[in-house]
Amino acid sequence: MKKYNLYLKLFLLLILVSTISISQEKRNFTLDDMFKFTRVADPQISPDGKWIAYVATAIDKEKNRSNSDIWLIPSTGGTPRQLTSSEKADDRPRWSPDGKNIAFNSTRDGSPQIYLIDVTGGEARKVTSIPNGTSNHIWMPDGKTLIFQTSVYPDCFTGDWTKDKTCNENKDEEKSKNKVKARVIDELMYKHWNKWVEETRNHIFITSVDGKVVKQLTNGKFTVPPLALSGNEDVQISPDGNEITFSTNMDKDIAWSTNNDIYIIPTTGGQPKRISVSDGADVSPRYSPDGNYIAYRSQKTPMYEADLWRILLYNRKTGETKILTDETNFDNWVDDLIWSPDSKTIYFTAEVKGNIPIYSVNLKKEVKEVAGGPYWHENVRLSKDGKFLTFTRREISYPNEVYTFSIEEKKVKRITDVNNKFLSEVKLAKGEEVWFDGAAGKVQGWIIKPPDFDPKKKYPLLLIIHGGPQQMFGNAYRNDWQAFPGAGFVVMFTNPEGSPGYGQKFVEAISKDWGGNCYISLMKAVDYAVSLGYIDEKKISAYGGSFGGYMVNWMLGKTDRFAALISHAGVYNLEAMYGTTEELWFPEWEMGGTPWDNPELYLKWSPHFLVKNFKTPTLITHGELDFRVPIQQGMEIFTALQRRGVPSKFLWFPDEGHWIMKPQNNELWYKTMIDWLNEWGK
Amino acid sequence: MKHARFFSFTILILFIVSSFSYSQDKRPMEIDDMFKIKRVTDPQLSPDGKWIAYVITEVDKAANKSNSDIYLIPSSGGEVRKLTSSPTADNNPRWSPDGKTLAFVSTRSGESHIWLIDVTGGEARQLTTISTGASQPVWSPDGKMIAFVSTVYPEFSDRPFKEADALNKKKNEEKEKSKVKARLITKLLYRHWNAWVDDKRQHIFVMPVDGGEPKNLTPGDRDAVPTSSTFAAGDEFTFAPNSKEIAYTATPTENEAWNTNHDIYTVSVDGTNRKQITTNPAADGYPRYSKDGKYIAYRAQHTPGFEADKWDLILFDRTTGKHEKMTEKFDAWVLDFEWTDDSKKIYFPSEENANQKIFCLTLKDKKITKIIEDGVNSDVNISADGKLIYFTKHTLERPIELYSATSDGKNIKKLTTTNDELFSKILFNKAESITYTGASGTTIQSWIIKPPTFSAEGGNANKKYPLVFLVHGGPQGAWENGWHYRWNPQIWAAQGYVVMSPNPRGSTGFGQQFLNEISNDWGGKVFEDLMKGVEYAEKLPYVDANKMAAAGASYGGYMMNWFATQTGKFKTLITHASIWNFYSMYGTTEEVWFDEWEHGGTPWDAPEAYDKFSPHKHAKNMLKYKTPMLVVHNELDYRVPVTEGMQLFTTLQRMGIESKFLYFPDEGHGVLKPQNSELWHKTVFEWLAKYLKQ
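## Some remarks on the overall build of chain B
Scanning chain B for helices and strands turns up 14 helices and 41 strands. Taken over C-alpha atoms, the radius of gyration comes to 26 Å for chain B, in line with the 26 Å a tight globule of 694 residues would show. By principal-axis analysis of the C-alpha atoms, chain B measures approximately 70 × 65 × 50 Å. Sequence-distant contacts, at least 24 apart, represent 55% of the contacts inside chain B between residues at least 6 apart.

And the structure:
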């Protein structure tokens, strides 16, 4: 009896405790939560180092759009102040050299234009009124002028912008009035990503800060920044303000060329001069503060978009170029570059083993890790005195916030907390890093369990496969890694063959072997998950987009192991894909040539020859404006599935490209995927 | 001898007359003339036989649209009276049995609805208000009801009309308002021709002519009219003579994308007593009651999945339930047909030897007599006493006009003069029908159209002209002695070219066996037939064998792509809405039965057939010939999706072969909008001139 009483008391106590905790307890992640957190990006340090301007973007699901505004916060942390508040997008804050103004981009009047706002107060004023809108503005060192890019008809160019502007406006008006919407196309790359390529090209302009004097600096059939493989900030001004460097591709046939090059041009205008020498892509030029060098990122191999990104150093005096990083001292892809104020060190980020740390390399080619950990460091900037960095940082269970990092003390400090409320309400799933035996060596992966995970239960598994194929999954906050666990699925994602971050050899392992070792490694990932004991082997599903969608299509033809499959924007018929995609270098590299010169691999790796094996219920999702993997790929596999009587549905977005971006479309996409998994994979 | 002299005298006179008229007022056809031509369609004889109602469609190029109106002409010919004049489309005039009223379809209220107009005067009034719109009005013989077609959501179709209509309206409005435009597709044939199906169905409704509620006679998840024009010969439903039931043609019950099994049903006008009349596993359609009520005549194919199978005429005896084939020995297709009022004869048009002729079938002996020969003849109307027939006719030299003849085909009389004035100014050469020997000794018919300036420039001896070789689509179609509004050989000839348009294997009108021989052999015997045609042309004294181009659309476009991989004969090729890759074509087209029949199965069951004749498999050969190509393809083409043209263009560009891609975002399989059509013609002719006139 006593014992009984004790148990009863304990029981009551437990109930009490759990009731209390329930009332404070966080809810599981629901689809609505995808639209509830705030995205922060593009932190910019004021010249005096005291302030950080950044962009915060909130989504309004009902209105089906997002709104970005610019905020200011002391770089030591504190209360943020909202600087702009239009209902449209305000972004790209750039401090004037004297630190008094911020030039930003805004769509408040329609097309994006440059605006100027005094940081001490007052309303923003419009700087530019450029017909097709502005992008990528940066300040000239004199603080009196800005350069930017806009798209113009090369034929309109006379050098006199007042005339050229009218010419551009007239052409646009003529076009919009014309009842004939036909296109007469006489070369490839007539569409790109999710847009048609018009006759216009992006070029570099300079404007006085009052917007009155505008001049076009480059003209021609090329476009700045380059259409494909652009770095970020591909246009830069020399420290003395006399020269501009930029990246573009001037090849005749850009549909099968990755040959972006670095050019220089006087700020007064003139013929661009090429300074890079690689036949591969050269992007992200950066002047050293002492003006001696232009550092840039460079790929060696033409037509190979996933080649190792190296840092090259161009000596402006001698014209010599030397390699600062390559496979000998840094065998992963160098991303964004920043010079130290003394021109002796370059800071850079790179994707490595699921993380994005910050590294430095000095002129002696010594590479060091500056900031690491299980995070993605992005939007990295350096203070003018070189003492601290700022960046946005995220991890699987924590969305982006703005941080500072003191270089000497190696101390990280979070200075924004835009998602405090969200984080206090919602349970975010955490990721567990795992390594398992892949097709040829260890492969890294992550497992994310549902928030209420009970080790005694069996769970359905969803394997998520990344695109690219040369892309990296890792320690980053993402909606899919919260939404599917929130719906009760154990999620596993991995970086099989082709993923960057594990040395260039591992990246190379995917090319010409699409359904080979990568497929084996993914199947071994599933074996590994099953070995953990809490996975229901009959309820394993896979989902992937782009190359991930290709892999799902391949799995459909290769195995009956999955209960359900979801293929988004997946490649299905490699020959038809070649003929309809825009960036031809990609299939040509991946399949070893054109389909007529080298048909073998197009036939070997194309899922459309495996139809007779199709049995697994499959959801196809695709956007009609997807010019990378055109929607006809999705149509073809859906036709085969339906014709074979395999349970299948096709979710078709007429107003989306390669990814589903609009909030309400995105919600329907996730809802349909989860419904599909609940029907077949749970 | 006397005769000979007489003839040469006549020829001399004719020659003088014709050169006189050329120099005086005749000129070759211009692109703009295409938009000045008025199109005459859908003649309907009044019950008393005194009037013909018909439609004239005129193009307004500047406004980039066309407008149809309804006209009346005395059946004996005479002055034309314009009956409707809304700036929107008025179509489908249908006489009330008492002859006092015309029902017609108009978009004047914004949506397509049925309107009624008193023939003797007064404004039209709207009959239907159903939220989903109405089309194809059909009168009951007692004049009390009108049946029509409306496109509705099947899930509401079992409910009472008002409720169902409100739910349809609500669903359409919600879709319209929603920011999400995504489609969740659960079965094939989700889009068709150039429009999305969106899980809607075409149902037949009947409603009292004096107003009142329509009744859905064909509820459920099935279309009550064929949704593919391949299986429709006109109004595919009709009332029984006693006005108590209708007969209609329903789409296949399952696997619609790869099944051609349309069947005929009857249902009482109160919606009860539905009966399936046909059980043939291939397509049946176009049911028509005999006036005495004894029979339903209909059209039937025999091979499931074969859309170009022979169409026979079958007589269904409503008393005995027997089906009797009436056209066993007739080796051509029965198109839309018409009973005589005495229920003893059926008139029908049918393609024969590159013309579409009118035939008459006598039921008692199954005897089939040719009544009208030349040109493309359709839309037969028969007077109540059976003594006169009325029909439309067009030829390679003249667009559609209305004609009458006595029931034996004699006393042909042209009733309308719609385009006479325009055509009095245009100089043509009459198309010549020639024959040559094709593959395995078969005779092939072809048209040759010389440039209008041919005679003025001295004829045969003096000048050699570039040749344009046109290949028709289908492939089961034909270049007929008819006026083409889009691929008009005369306008090509007017550019200064000799035009040759052959009817190789697969063409309709030359017997079913000849037609059958293209299936599974797309680049085989038909290719040989065509190349022999080119050889024939090369030998013509007036053809410059070094300046030949070829052009074609759809299957004709496929053949251009095949030419590109197989021959260097042509200076350039123009390929419109063409098939390039049989695999991707199969996976993206909507009427999957077509590809399965033509290539002998699915791509996974019959890959050899797909590989054999798919141009993309032979792409490498193009480097041998490097024939410059103009690729034309349109975004709303759901039959041959635009990605076929894109794949071809990518290949051409990547190979460095001269090529251009003309892309219309707002057109389907053909180019219809006036200004688009103008650009099409200009681009095509500029491209041709670049390679044939330099």
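Still to come is the rest of the account.
## Some details on the overall build of chain A
Within chain A one finds 12 helices and 41 strands. For chain A, whose C-alpha radius of gyration is 26 Å, the value lies close to the compact-globule estimate of 26 Å for 682 residues. Based on the C-alpha atoms only, the size of chain A along its principal axes is roughly 90 × 65 × 55 Å. In chain A, which comprises 682 residues, the share counted as buried stands at 53%.

## Quick look at the sheet that holds strand S7 (residues 101-106) of chain B
Residues and elements named next belong to chain B. In spatial order, the strands read S6-S7-S8-S9; together these four strands make up an open sheet with antiparallel pairing. Looking at the sheet topology across the chains shown, the edges are occupied by strand S6 (90-95) and strand S9 (125-126). Relative to strand S8 (residues 113-118), S7 is paired through six bridges, and the arrangement is antiparallel. The residue bridging Ser106 from the neighbouring strand is His113, located in S8.

## What to know about the sheet that holds strand S22 (residues 295-300) of chain B
Residue and element names in this part refer to chain B. Ordered by their spatial adjacency, four strands build an open sheet running S21-S22-S23-S24, and the pairing between neighbours is antiparallel. What marks the edges here is a single partner per strand, and that holds for strand S21 (284-289) and strand S24 (323-325). With strand direction ignored, the average angle separating the axes of adjacent strands in the sheet is 25°. Sheet topology places S21 next to S22; four bridges connect them, and they run antiparallel. Pairing of Asp284 across the sheet is with Ala300, part of S22.

## Re the interface of chain A and chain B
Between chain A and chain B, the contact holds 42 residues from the first and 42 residues from the second. When residues of the side of chain A that touches chain B are traced back to their parent elements, those giving at least two are strand S12 (183-185), helix H8 (574-580), helix H11 (632-643), strand S41 (648-653) and helix H12 (663-680) of chain A. Counting residues per element, the side of chain A that touches chain B draws most heavily on H11 of chain A, which supplies seven residues. Bridge analysis of S12 of chain A against strand S41 (residues 659-664) of chain B gives three bridges, and the strand direction is antiparallel. For Arg183 of chain A, the partnering residue across the bridge sits in S41 of chain B and is Tyr663 of chain B.

## Observations regarding the pairing of strand S35 (residues 443-449) of chain B
All names here are of chain B. Taken across its seven residues, S35 has six buried, putting it largely inside the fold. Pairing of strand S34 (residues 432-437) with S35, which is carried by six bridges, proceeds in the antiparallel orientation. Bridge pairing links Thr435 to Gln445 in S35. Linking two consecutive strands that pair antiparallel, namely S34 and S35, is a turn of five residues; a positive phi of about 45° is found at Ser440 within it. Here S35 pairs with strand S37 (residues 498-503) via five bridges, running antiparallel. Its bridge partner being in S37, Ile449 is matched across the sheet by Val499.

## Details of H12 of chain A
Spanning 18 residues, H12 of chain A covers 26 Å between terminal C-alpha atoms, matching the ideal 26 Å at 1.5 Å per step. By the burial criterion, the buried members of H12 of chain A are Pro663, Asn665, Asn666, Leu668, Trp669, Met673, Ile674, Trp676, Leu677 and Trp680 of chain A.

## With respect to helix H7 (residues 525-539) of chain B
Residue and element names in this part refer to chain B. Taking 1.5 Å as the rise per residue, H7 with 15 residues should run 21 Å; its terminal C-alpha atoms sit 21 Å apart, in good agreement. Buried within H7 we find Val526, Phe527, Asp529, Leu530, Gly533, Val534, Tyr536 and Ala537. Those residues of H7 that are buried lie in contact with S34, S35, strand S36 (465-471), S37, strand S38 (543-553) and helix H8 (555-566).

## What to know about the environment of Val367 of chain A
Residue and element names in this part refer to chain A. Its place among the elements puts Val367 in strand S28 (residues 367-371). Look at Val367 and you get partly exposed, because 17 C-beta atoms sit within 10 Å. For the pair Val367 and Val629, spaced 262 residues apart in the sequence, the C-alpha separation amounts to 38 Å. Ignoring anything within four residues of it in the chain, the contact list for Val367 reads Thr325, Asn329, Phe330, Tyr359 and Val361.

## Considerations on the environment of Asp379 of chain B
Residue and element names in this part refer to chain B. Looking at the element boundaries, Asp379 is found in strand S29 (residues 376-382). In sequence terms Asp379 and His203 are 176 residues apart; their C-alpha atoms lie 25 Å from each other. In this structure Asp379 touches Asp42, Pro43, Phe391 and Thr392, once residues within four positions along its chain are discounted.

## A short note on the pairing of strand S19 (residues 263-268) of chain B
Residues and elements named next belong to chain B. Along S19, five of the six residues are buried, which leaves the element largely enclosed by surrounding structure. Strand direction decides the pairing type here: S19 and strand S20 (residues 275-276), joined by two bridges, are antiparallel. If you follow Tyr265 over to S20, its bridge partner there is Gln276. In textbook terms, the turn of a hairpin is the stretch between consecutive antiparallel strands, and for S19 and S20 this stretch comprises six residues, one of which, Gly271, has a positive phi near 90°.

## So, unusual backbone geometry
Residues Gly468 of chain A and Pro469 of chain A are joined by a peptide bond in cis, for which omega reads 5°. Examined against the element boundaries, Pro469 of chain A turns out to sit in the loop between strand S36 (459-465) and helix H4 (480-486). Note the cis peptide between Gly474 of chain B and Pro475 of chain B, where omega equals 0°. Mapping Pro475 of chain B onto the fold places it in the loop between S36 and helix H5 (489-493). Positive phi is not limited to glycine here, since Lys353 of chain A has a value of about 45°. Relative to the assigned elements, Lys353 of chain A resides in the loop between strand S26 (345-350) and strand S27 (358-362). A count of 18 C-beta atoms within 10 Å places Lys353 of chain A in the partly exposed class. Positive phi is not limited to glycine here, since Trp193 of chain B has a value of about 60°. Counting through the fold element by element, Trp193 of chain B comes out in the loop between strand S13 (191-192) and strand S14 (195-196).

## Side note on the confidence of the model for chain B
Overall, the predicted model of chain B reaches an average pLDDT of 95, with 96% of residues at or above 70. Listed scores for the predicted complex are pTM 0.95 and ipTM 0.94.

## Structural notes on the confidence of the model for chain A
Of the residues in chain A, 96% have a pLDDT of 70 or more, and the chain-wide mean is 95. Note on residues 1-23 of chain A: pLDDT under 50 across the span, and zero contacts to partners over four residues away in sequence or across chains.

Reading the values: the criteria
Residues numbered from 1 in each chain as written. Chains lettered and ligands numbered in written order. Predicted model: local features only at pLDDT ≥ 70, side-chain atom pairs only at ≥ 80, totals over all residues. Helix = DSSP H or I, 4+ residues; strand = E, 2+ residues; numbered from the N terminus. Rg over C-alpha atoms; globule rule 2.2 N^0.38 Å. Contact = placed C-beta atoms within 7 Å. Buried ≥ 20, exposed ≤ 12 C-beta atoms within 10 Å, placed from the backbone. Pairing = 2+ DSSP bridges. Axes fitted to C-alpha atoms, helices over the stretch in contact; angles between N-to-C directions. Expected span 1.5 Å × (residues − 1). pLDDT = per-residue confidence, 0-100.

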